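Observations on the three-dimensional arrangement
Residue-level listing of the chains:
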Amino acid sequence: MSDKLRVGIIGLGFIGTMKHLEGLAQHKDKAEVVAFCDYQIERAEKAKEAHGSADAYACTDYMRVVNDPSIDVIHVCTWNTNHCEITCAALEAGKHVLCEKPLSDTLASAHKMTDLAKEASSVVRIGLTYRRQPGVAAIRNWIQDGTLGEVLHFSGRYWCDYGCNPMAPMSWRYKGPMGSGALADLGSHLTYLSEFLCGGITAVSGGAFATTIKERPVPLGSVVGHGLAAISDRKETVENDDYATFTAFFGETRGSLEVSRVAAGYPNGLDFEVFCENGAASFHQDTPSQVRLYLNDDHPGTNGYRTVNLGADHPYVAGGMPIDVSGVGFGQNEGFTYQARAFLEEVAGIPEEESLPRNASFDEGVHNMEILAAVARSAADNGKQVNL
């Protein structure tokens, strides 16, 4: 009998297949994926053939995975609306659970999940993967060790273009109340990153939404990820936000946050800049193995931003890359590799000081949703300030 952890994946769309499975694939010494569950059996079978162990199986019924006594760990990678039902069943069965963000589709169901997680004897986490970008973690370290010092101002945007084509088909992403669109999909990332650097958000104001593409064609079949698909002549109304913006209060510090899924030319445009008492730093997702750093000195004529190539002196890189010297380069996908490692090693009982920083708790997942809900309340009340 193998001493590897046995893993089941529930939900094999873009996130489950391209992110979680690829992250787990780098840790075959620690775990083997034995169950592949999706409402489309063809997707489950395809993923099993690519990533499955010798005794792996594919199915459409998530309860088969939950009730499988041989499975130790379950990754929940389905639509947000299914997270609560599946996660609660898995916890009641005693499984270790790693759930995708956002935690759920409603605060009530997220609180239910969190209450059950607190009672569970298993490891229960949510993935907030951008915290594991080496550049993001390095900037946080420079803030905390005094290199940059106290944050004075944060500016962040997450611009994507997956929704800029009016012929992109209707999917679950375009359904739901205002705040469940670009804000939930992209703003959730930007919000937890801003807190990771600046501290807790105490209030929001200036919330505003826009739905710029009012209708989308109904697909003839299923839609995976953000891709185009064959469409019908029928159209349905887009219900939620294509664009969102708000101001965040981090105590006395302020930050401006802006997200869009209709930003043509930006396939994955996560950028932020943080201004501090001793200088500033910026991160750009299109060059994730570099950050820009500015430190105040006494020579204004030659001072300015410089590019820092990330390497073994920075978080996650040393021992985490096949070649861990600066200039080699890396991307976003490594974050899922670190996420998988941190979770598997926590399940295996390895102390945090011998592993990586733990993944986020469900409490943090609820907190993230509470901030987004406050933004929605602000937008509904003409940008009024909402305290948290």
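To start, this report covers the structure provided alongside it. (Residues numbered from 1 in each chain as written. Predicted model: local features only at pLDDT ≥ 70, side-chain atom pairs only at ≥ 80, totals over all residues. Heavy atoms only, no water.)

Looking at the packing of helix H4 (residues 80-92) against helix H5 (residues 107-119)
- It is at 10 Å that the axes of H4 and H5 come closest, and there the two elements cross at 10 degrees. Considered as vectors, H4 and H5 are oriented roughly parallel to each other. Residues His83, Cys84, Thr87, Cys88, Leu91 and Glu92 of H4 touch H5, and the partners they reach there are Ser109, Lys112, Met113, Leu116 and Ala117.
- For the contact of H4 with H5, the class distribution of residues is six nonpolar, three polar and two charged. (Axes fitted to C-alpha atoms, helices over the stretch in contact; angles between N-to-C directions. Helix = DSSP H or I, 4+ residues; strand = E, 2+ residues; numbered from the N terminus. Parallel < 35°, antiparallel > 145°, perpendicular 65-115°, else oblique. Contact = heavy atoms within 4.5 Å. Nonpolar A, V, L, I, M, F, W, Y, C, P; charged D, E, K, R; others polar.)

Quick look at a nonpolar patch on the surface
- On the surface, Tyr39, Trp79 and Trp172 cluster together into a nonpolar patch covering about 330 Å² of accessible area.
- Tracing the backbone shows Trp79 in the loop between strand S4 (73-76) and H4. (Patch = residues over 30% accessible without salt bridge, like charges linked within 9 Å, V, L, I, M, F, W, Y side chains within 5 Å. Areas by Shrake-Rupley, 256 points an atom, 1.4 Å probe, with all protein chains shown as cover. Salt bridge = Lys/Arg side-chain N within 4 Å of Asp/Glu carboxyl O.)

Section: helix H6 (residues 134-144)
- Burial within H6 is extensive, with eight of its 11 residues counted as buried.
- One or two positions beyond H6, positive phi appears at Gly146, with a value near 95 degrees. (Buried < 20%, exposed > 50% of the residue type's maximum accessible area, 1.4 Å probe, protein only.)

As for the nonpolar core
- Residues Val65, Leu103 and Ile139 are the most contacted members of the largest nonpolar core, which totals 88 residues.
- Here the element with the most residues in this core is helix H7 (residues 182-198); it accounts for nine residues.
- Those residues in contact with Val65, other than ones at most four positions away along the chain, are Gly8, Ile10, Ala35, Cys37, Tyr57, Cys59, Ile71, Ile74 and Lys95.
- Grouped together as the second largest cluster of nonpolar side chains are 20 residues, Leu5, Ile9, Leu24 and Ala58 included. (Core = buried A, V, L, I, M, F, W, Y, C linked by side-chain atoms within 4.5 Å.)

Notes on the sheet that holds strand S3 (residues 57-59)
- Across the sheet, six strands lie side by side as S3-S2-S1-S4-S5-S6; this open sheet has parallel pairing. Strands at the two margins of the open sheet, each flanked by one partner only, are S3 and strand S6 (124-126). The average angle at which neighbouring strand axes cross in this sheet is 20 degrees, direction not considered.
- Where strand S2 (residues 31-37) and S3 come together, three bridges link them in parallel fashion. (Pairing = 2+ DSSP bridges.)

Regarding helix H1 (residues 14-25)
- A rise of 1.5 Å per residue sets the reference length of H1, with its 12 residues, at 16 Å; its end C-alpha atoms lie 16 Å apart and thus fit the reference within 8%.
- Taken together, the buried positions of H1 are Gly16, Lys19, His20, Leu21, Gly23 and Leu24. (Expected span 1.5 Å × (residues − 1).)

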